[in-house]
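The lines below spell out each chain.
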Amino acid sequence: MEVRLAQNYGFCFGVKRAIKIAQDHRNSITLGPLIHNAKEIARLKEKFNVDVSENLENLPQDRKLIVRTHGIPKSDFKNLQEQNFQIIDATCPYVRKPQMIVEQMSKEGYQIVVFGDREHPEVKGVVSYATGPTDIVADFEELQKLQLGKKIALISQTTKQPEIFAKIASFLSMRCTEVRVFNTICNATFDNQSAADKLSKEVDIMIIVGGKNSSNTKQLFNICKNNCADSFLIESESELDKSWFEGKKVCGLTAGASTPDWIITKVQNKILKI
Ligand code: SF4
């Protein structure tokens with residue numbers, strides 16, 4: 001059996017960076033889980049005594065707080081600073097960028113339009129930097145209902161689809177006097193997706209490793225399933241079933257953006273053993 005790894009898979013730059021920051025700050029507390037992977041969270045706890053807090057109440061003063069890749073609202077950041085917490089900011093630079101754009105464009109009097117999910121922590125953080133009118137649209141339909149001013153600054157949540165973003169930009173540019181478009185979409189997810197798409201067309205069986213409740217892993221699985229009927233989504237090597245591999249010669253392997261390399265290696269080794 002040959003095992004082929006996708007050209008891009010697993011952790012993105014922002015998550016790798018956040019994990020390194022957590023490892024460099026033993027005994028710290030992350031504000032929300034760093035990634036959607038229970039095993040990696042458990043490893044950080046076991047080896048580095050890094051805990052997770054789901055809210056900002058009752059935080060111990062003697063431990064450093066790590067802001068995760070999604071960022072947090074400006075007011076939360078300020079509150080924690082005022083309480084003299086030691087804050088380590090692991091906000092991904094690709095998320096920090098739209099926060100700064102929103103702050104600046106708002107100051108210059110632009111109406112902010114964010115293409116994103118209102119409930120997503122990243123979007124909540126980004127819009128918190130606005131000081132003027134701000135709207136969030138989840139899709140093109142919502143955009144059409146907006147009351148538009150003359151000057152618009154458009155940004156996107158990092159994980160949104162570029163095609164819809166382009167449609168929104170074009171709609172706005174036909175209707176408003178001035179539109180500033182900032183493409184703040186991050187390519188990490190798409191790089192993993194296009195590599196999975198390519199690989200799953202070339203193999204007999206495809207294994208996707210990642211959290212079953214992670215939306216980007218499920219997306220990867222759907223892409224692979226479309227090209228390769230024998231695609232399987234697993235969280236660890238223990239779920240591999242020998243019968244899946246009968247009569248197969250080439251196995252493709254990819255992993256969601258929250259899957260650490262050590263889990264992928266374990267899966268790869270087990271497949272080779274089978
Ligand atoms: S913005 Fe991109 S690189 Fe940063 S954490 Fe999100 S997916 Fe990863």
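The rules behind the values
Residues numbered from 1 in each chain as written. Predicted model: local features only at pLDDT ≥ 70, side-chain atom pairs only at ≥ 80, totals over all residues. Heavy atoms only, no water. Helix = DSSP H or I, 4+ residues; strand = E, 2+ residues; numbered from the N terminus. Buried < 20%, exposed > 50% of the residue type's maximum accessible area, 1.4 Å probe, protein only. Lys, Arg positive; Asp, Glu negative; His and termini not counted. Charge placed at Lys NZ, Arg CZ, Asp CG, Glu CD. Polar contact = N/O pair within 3.5 Å; in protein donor to acceptor, adjacent residues only side chain to side chain. Pairing = 2+ DSSP bridges. Axes fitted to C-alpha atoms, helices over the stretch in contact; angles between N-to-C directions. Contact = heavy atoms within 4.5 Å. Salt bridge = Lys/Arg side-chain N within 4 Å of Asp/Glu carboxyl O. Near = heavy atom within 4 Å. Nonpolar A, V, L, I, M, F, W, Y, C, P; charged D, E, K, R; others polar.

## Some points on the overall build of the chain
So, point 1. Helix and strand content of the chain: 10 helices and 12 strands.
So, point 2. Burial statistics for the chain: of 274 residues in total, 47% are counted as buried.
So, point 3. Across the chain, 37 positive and 33 negative side-chain charges occur, with their mean positions spaced 2 Å apart.

## Observations regarding the side chain of Ser231
So, point 1. Inspection of the secondary structure assignment puts Ser231 in strand 11 (residues 231-234).
So, point 2. Looking at Ser231, the relative accessible area reads 3%, which means it is buried.
So, point 3. Only 3.4 Å separates the side chain of Ser231 from the backbone oxygen of Cys224, close enough to count as a polar contact.

## Looking at the sheet that holds strand 8 (residues 151-156)
So, point 1. Taking strand neighbours across the sheet as the criterion, the four strands line up as 7-6-8-9 in an open arrangement whose pairing is parallel. Of all strands in the sheet, those with a lone pairing partner are strand 7 (134-137) and strand 9 (178-181), marking the two edges. Each strand of the sheet is rotated relative to its neighbour by a mean of 20 degrees, with strand direction disregarded.
So, point 2. Running over the sheet, helix 4 (residues 93-107) touches strand 6 (111-115), strand 8 and strand 9 and is turned about 175 degrees from strand 8.
So, point 3. Most of the contacts of helix 7 (residues 162-175) go to strand 8, to which it runs at about 180 degrees, and overall it touches strand 6, strand 7, strand 8 and strand 9.

## Observations concerning the pattern of salt bridges
So, point 1. The full count for this structure, using the stated rule, is 15 salt bridges.
So, point 2. The partner of Lys201 in a salt bridge is Asp197, with the nearest N and O atoms 3.4 Å apart.
So, point 3. Classification of Lys201 as exposed rests on a relative accessible area of 55%.
So, point 4. The salt bridge partner of Glu202 is Lys198, with a shortest N-O separation of 3.7 Å.
So, point 5. Residue Glu202 is classed as partly exposed on the basis of its relative accessible area, which comes to 39%.

## Some points on the site of the ligand
So, point 1. Lining the immediate surroundings of the ligand are Cys12, Gly14, Thr69, Cys92, Tyr94, Thr158 and Cys186.
So, point 2. In the shell around the ligand, the residues fall into four nonpolar, three polar and no charged.

## A word on the pairing of strand 10 (residues 205-209)
So, point 1. Among the five residues that make up strand 10, five are buried, leaving the element largely enclosed by the rest of the structure.
So, point 2. Residues of strand 10 alternate between two faces, with Ile205, Ile207 and Val209 on one and Met206 and Ile208 on the opposite face, all of them buried.
So, point 3. When strand 10 meets strand 12 (residues 250-255), the two strands line up parallel, connected through five bridges. Bridge pairing in strand 12 places Ile208 opposite Thr254.
So, point 4. The pairing of strand 10 with strand 11 spans four bridges and is parallel. Bridge assignment links Ile207 to a residue of strand 11, and that residue is Phe232.

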